[in-house]
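Summary of structural features
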Amino acid sequence: MNKKEYKKWLGLLCAMIGLCVILLSVYYWRIRETANSQHSYLQIEASEEQFQDKTGYIEVREMEQQFIVDENELTEFNVMFRKLEQQAEEPVQVELLKATDRERIQKWEIDGNTVGDYSYQTFHLSVPLKKIMGEKYIIHVIIPENSAIVPAVTNYEAYGEHVKTDGNDETGCMVFNLQATNAFLKNIYACLGVILCLSLVAFGFLIMRKEKRVEWYFLVLGLFMGSMYIVLFPPNTAPDEHSHIATAYYDANKILFRNGVDEEGYVLVRKTDAQIQDKMAISLADASYYYNQLLQKGGQEPAALNRGPLAAPFAAHLPQAVGIAIGWLFHTNGMITLYLGKITALLFYLLCVFWAVRFMPWGKMVMAVIALFPMSLEIAASYSYDCTVNALSFLFIGYTMYLIYEKEKVTWKDYAFLTVVGMWMAPCKLVYIFVCGIIFLIPSSKSNNPRGVLTGKIGIIVAIGMVTMLLRGAVVANLTSAPGTGYSDIERGWTLVQILEDPVNSMGVLFNTYFEQAEYYLGTIIGQSLGWLQVKVSWINITGFLLCMVFALFTDKKADYMTNKQKVLVGMLSLIMIGGIVLSMWLDFTPPQWKNVAGVQGRYFLPFLPMLVLMLKGKQTLRVERYSKRIMISMYILEILTVFDVWKAMIV
């Protein structure tokens, strides 16, 4: 090893040590305190109006509440008591029993005279219960004669285990909650630390070997950063992911040649899959729930979800369905099966974009930066069919640019490949069929039969359009039908006729949509709001990603850029897609009283963003400095900062 190589390896070692110091510092500064604290789960709460007014409870001698533990730990529990207008000499006794054999876990006594009205009393376990998920326990309250307090009971009926008074079943249940520590955060943080250290080693290796190919930098960052997004964003936390999960399960049944739905139209799964709750928040309690579900054994007997599949083509959720099918074949529990679907989705996305970047003759860095946006990676590691749309759209753009600018002869095999990709992508979301329009930029002179090329290109678009209409014609019919007959949960109040009949009002709605919401679209296209739009990423990070995209325009060695005619076509296709996105949400999602189109998010513009940004390249953006490595290093740092933003949202 020469002196120069020695210095590089020494620099990587110092970077590793520095990263470990930073991780440990963040742990002791922000994570450790939260990890050692407690959170509530299985919370039965109620407003004062929901409490049962049962004066007969004054004469009750004992009350029991059975519950099923849905986490792996129990450190203490809280029970709310009602104050009675009398004094008592004897204390109220509270026991925690095992439901199977009524073995007593621990017993407590409380002086009812000191308890406030509708106040919680905490019962701490001297020895915490662990590995108890799915087990049944009983809170047993023994009430002396003329007691000063009785447990508060609510008319909450959704919880399956009802309260008993003196052995008789009652409607409702006690107001109580269970508590566990946040120790799971230590394991999650350790997992992220390992991923981060491995990513630094792989990224440093590429730099030290002087790797110039952008696609390899993308693959390393996408693989490790995407893995961190899988860890931080459990299933159901991406927008509308619960519906996409049901559809992926439905498709997994098709892969394994099973019935997809039951008689009522609900998706058929296993009991271990059906019992997982739809927790959509990035919070300590929900993260703890999902972490504990990884340890759940679960039953393999058949069951059904509480929803049916989306009206989406089979291929839209194919990557995720493959992961679910693998989980079923290996009899993994429901949560591991869900994570397998996220893993296969990310791998599919990385594979498609890797080849897209590799195919592109120029603009590689622009494609890589956009594909590594926080929003891109969150969607890539989710059950949303936007993962499939983004991956295939990027692949279509990358391969088409390869045919336009680099390949000498374009054969029928090239057009066949684009046709397959287009037929897979376009039916997922109708408006993105216009991405396929860039095939008209392929020079006719590159084909063996230049005269028939135009006819062939039109035929490809027609074929993709026919497949799209065959698979998604019902969606188009819903959008153009009368108000209130759409498939969304929100009643819509617009039709094409109404939009055209009042052009002044319609233009005002469009103005509010495009201009007043511009900052929101810019933020959400990069990833300013992650999860169900509740995780806020710092605008400093968002600005950094935006600058990386701008500087990426200067990283090409070749002096290639679109001609004015090509820019016109790309601009027209992009405007059509932007208008189509807004129009579809206008017809299907916007209440009539709104002054802007509801539901439009920046992530909807991701599939065609690369070709829109590449329109900006020209003589003034030719290569002026070698920015590639600096941009990738900046992206790496920004991704880490984004991860810590998500952590902050979880633990604060």
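Residues numbered from 1 in each chain as written. Predicted model: local features only at pLDDT ≥ 70, side-chain atom pairs only at ≥ 80, totals over all residues. Heavy atoms only, no water.

Side note on the overall build of the chain
Scanning the chain for helices and strands turns up 20 helices and 17 strands. Its C-alpha atoms give the chain principal-axis dimensions of roughly 100 × 75 × 50 Å. The long-range fraction of contacts in the chain, counting pairs at least 24 apart against all pairs at least 6 apart in sequence, stands at 81%. Surface accessibility of the chain: about 29100 Å² in total, with carbon and sulfur atoms responsible for 60%. Seen as two clouds, the 56 positive and the 58 negative side-chain charges of the chain have centres 21 Å apart. (Helix = DSSP H or I, 4+ residues; strand = E, 2+ residues; numbered from the N terminus. Contact = heavy atoms within 4.5 Å. Areas by Shrake-Rupley, 256 points an atom, 1.4 Å probe, with all protein chains shown as cover. Lys, Arg positive; Asp, Glu negative; His and termini not counted. Charge placed at Lys NZ, Arg CZ, Asp CG, Glu CD.)

What about the nonpolar core?
In terms of nonpolar packing, the biggest core is built from 166 residues, with Tyr349, Val369, Tyr432, Met632 and Trp647 touching the most fellow members. In contact with Met632, not counting residues within four places along its chain, are Phe203, Tyr217, Leu221, Met365, Ala368, Val369 and Leu372. Leu74, Leu129, Tyr137 and Ile149 belong to the second largest nonpolar core, which has 36 residues in total. (Core = buried A, V, L, I, M, F, W, Y, C linked by side-chain atoms within 4.5 Å. Buried < 20%, exposed > 50% of the residue type's maximum accessible area, 1.4 Å probe, protein only.)

Observations regarding a negative patch on the surface
Taken together, Glu59, Glu89, Glu90 and Glu145 make up a surface patch of like negative charges. Mapped onto the secondary structure, Glu89 falls in the loop between β3 (73–83) and β4 (92–98). Owing to a relative accessible area of 83%, Glu89 belongs among the exposed residues under this scheme. (Patch = residues over 30% accessible without salt bridge, like charges linked within 9 Å, V, L, I, M, F, W, Y side chains within 5 Å. Salt bridge = Lys/Arg side-chain N within 4 Å of Asp/Glu carboxyl O.)

Regarding the pattern of salt bridges
Under the counting rule described, the total for this entry stands at 13 salt bridges. Among the salt bridges present, the one from Asp386 reaches Lys429, with a minimum N-O distance of 2.9 Å. On the criterion of sequence distance, the pair formed by Asp386 in helix α11 (residues 386–405) and Lys429 in the loop between α12 (412–425) and α13 (450–479) is long-range, its members being 43 residues apart. Each of the two residues, Asp386 as well as Lys429, counts as buried. The network of salt bridges with shared partners includes Arg209, Glu211 and Arg213.

Observations regarding unusual backbone geometry
Although it is not a glycine, Arg102 adopts a positive phi angle of roughly 60°. Residue placement: Arg102 occurs in the loop between β4 and β5 (104–110). Phi is positive for Asp240, close to 60°, though the residue is something other than glycine. Topologically, Asp240 is positioned in the loop between α3 (214–232) and α4 (241–255).

Focus: empty space enclosed by the protein
Summed over the entire model, instances satisfying the criterion amount to three cavities of 30 Å³ or more. Lining the largest cavity, in full, are Ile397, Thr400, Met401, Ile404, Tyr405, Ile438, Leu441, Met562, Val570 and Met611. In terms of residues, the lining of the largest cavity owes the most to one element, α11, which gives five residues. Partitioned by chemical class, the residues of the lining of the largest cavity number nine nonpolar, one polar and no charged. Taken as a whole, the second largest cavity holds about 50 Å³ of empty space. Taken together, Leu23, Tyr189, Leu192, Gly193, Leu196, Met228, Ile640, Val643, Phe644 and Trp647 form the lining of the second largest cavity. (1 Å grid on protein atoms, 1.4 Å probe; cavity = no way out; pocket = protein on both sides within 12 Å on 5 of 7 lines; lining within 4 Å. Points joined across faces, edges and corners; volume = space filled by probe spheres on them. Nonpolar A, V, L, I, M, F, W, Y, C, P; charged D, E, K, R; others polar.)

Some points on the packing of helix α9 (residues 364–371) against helix α17 (residues 539–552)
For any two helices packed against each other, one specifies the crossing angle of their axes together with the interaxial distance. Where α9 meets α17, the axes come as close as 8 Å, and the angle between the chain directions of the two elements is 165°. Taken together, the axis directions place α9 and α17 in an arrangement best described as roughly antiparallel. Of the two elements, α9 crosses α17, and the hand of that crossing is left-handed. On α17, the residues that touch Met365, Val366, Val369 and Ile370 of α9 are Phe545, Cys548, Met549 and Ala552. Broken down by class, the residue content of the contact of α9 with α17 amounts to eight nonpolar, no polar and no charged. (Axes fitted to C-alpha atoms, helices over the stretch in contact; angles between N-to-C directions. Parallel < 35°, antiparallel > 145°, perpendicular 65-115°, else oblique. Left-handed = near helix turned anticlockwise from the far one by under 90°.)

What to know about the pairing of β5
Bridge analysis of β4 against β5 gives six bridges, and the strand direction is antiparallel. Paired with Val94 across the strands is Trp108, a residue of β5. Here β4 folds back onto β5, and the loop between the two strands holds five residues, one of which, Arg102, carries a positive phi near 60°. (Pairing = 2+ DSSP bridges.)

Let's talk about the packing of aromatic side chains
Tallying each qualifying case throughout the model produces 27 aromatic pairs. Pairing Phe67 with Tyr137 gives two aromatic rings, centres 6.2 Å apart and planes at 25°, and the pair type is stacked. With Phe67 in strand β2 (residues 62–68) and Tyr137 in strand β7 (residues 136–142), this residue pair connects regions lying 70 residues apart in the sequence. A single burial state applies to Phe67 and to Tyr137, both of which are buried. Both rings, one in Trp355 and one in Phe359, keep their centres 5.8 Å apart while their planes meet at 40°; by these two values the pair is tilted. (Phe/Tyr/Trp six-rings, centres within 6.5 Å; stacked < 30°, edge-to-face > 60°.)

Side note on the packing of helix α8 (residues 334–359) against α11
With their axes 7 Å apart at the nearest point, α8 and α11 run at an angle of 15° to one another. Between α8 and α11, the interaxial angle falls into the category roughly parallel. Our pair here, α8 against α11, has a crossing hand that is left-handed. Residue-level contacts link Ala345, Phe348, Tyr349, Cys352, Val353, Trp355, Ala356 and Phe359 of α8 to Cys387, Thr388, Asn390, Ala391, Leu392, Phe394, Leu395, Gly398, Tyr399 and Tyr402 of α11.

Examining a nonpolar patch on the surface
On the surface, Phe440, Leu454, Ile458, Val462 and Met466 cluster together into a nonpolar patch covering about 460 Å² of accessible area. Relative to the elements of secondary structure, Leu454 occurs in helix α13.

Comments concerning helix α2 (residues 184–208)
What sets the pattern is the α-helix's 3.6 residues per turn: residues three or four places apart point alike. With 25 residues, α2 should cover 36 Å at 1.5 Å per step; its first-to-last C-alpha distance of 36 Å lies within 8% of that length. One or two residues past the end of α2 sits Lys210, with phi positive at roughly 60°. (Expected span 1.5 Å × (residues − 1).)

So, the sheet that holds β7
What the six strands build is an open sheet, ordered β5-β4-β7-β2-β10-β11; its pairing is antiparallel. Of all the strands in the sheet, just β5 and β11 (168–169) have a single pairing partner and so form its edges. Relative to β7, β2 runs antiparallel, the two being bridged by seven bridges. Opposite Ile68, over in β7, you have Lys136 as the bridge partner.

Remarks on the pairing of β3
Counting buried residues along β3, 10 of its 11 residues qualify, which places the element largely inside the surrounding structure. Two strands pair when backbone bridges link them, and β3 and strand β6 (residues 119–130) are joined in this way by eight bridges, in the antiparallel orientation. Bridge pairing links Val79 to Gln121 in β6. Judged from the four bridges that link them, β3 and strand β13 (residues 176–181) form a sheet pairing that is antiparallel. From the neighbouring strand, Phe77 faces β13, where its bridge partner is Leu178. Two elements, β3 and strand β8 (residues 149–151), share three bridges in a ladder whose sense is antiparallel. Bridge pairing in β8 places Phe81 opposite Pro151.

Looking at the side chain of Thr555
In this structure, Thr555 sits in the loop between α17 and α18 (564–589). Beyond its immediate chain neighbours, meaning those up to four positions away, Thr555 contacts Met365, Tyr627, Ser628 and Ile631.

Overview of the environment of Ala356
Relative to the helices and strands, Ala356 is located in helix α8. Residue classification places Ala356 among the buried positions, given a relative accessible area of 0%. Linking Ala356 and Tyr399, residues 43 residues apart in sequence, is a C-alpha distance of 6.2 Å. When near neighbours in sequence (up to four residues on either side) are disregarded, Ala356 contacts Phe394, Leu395 and Gly398.

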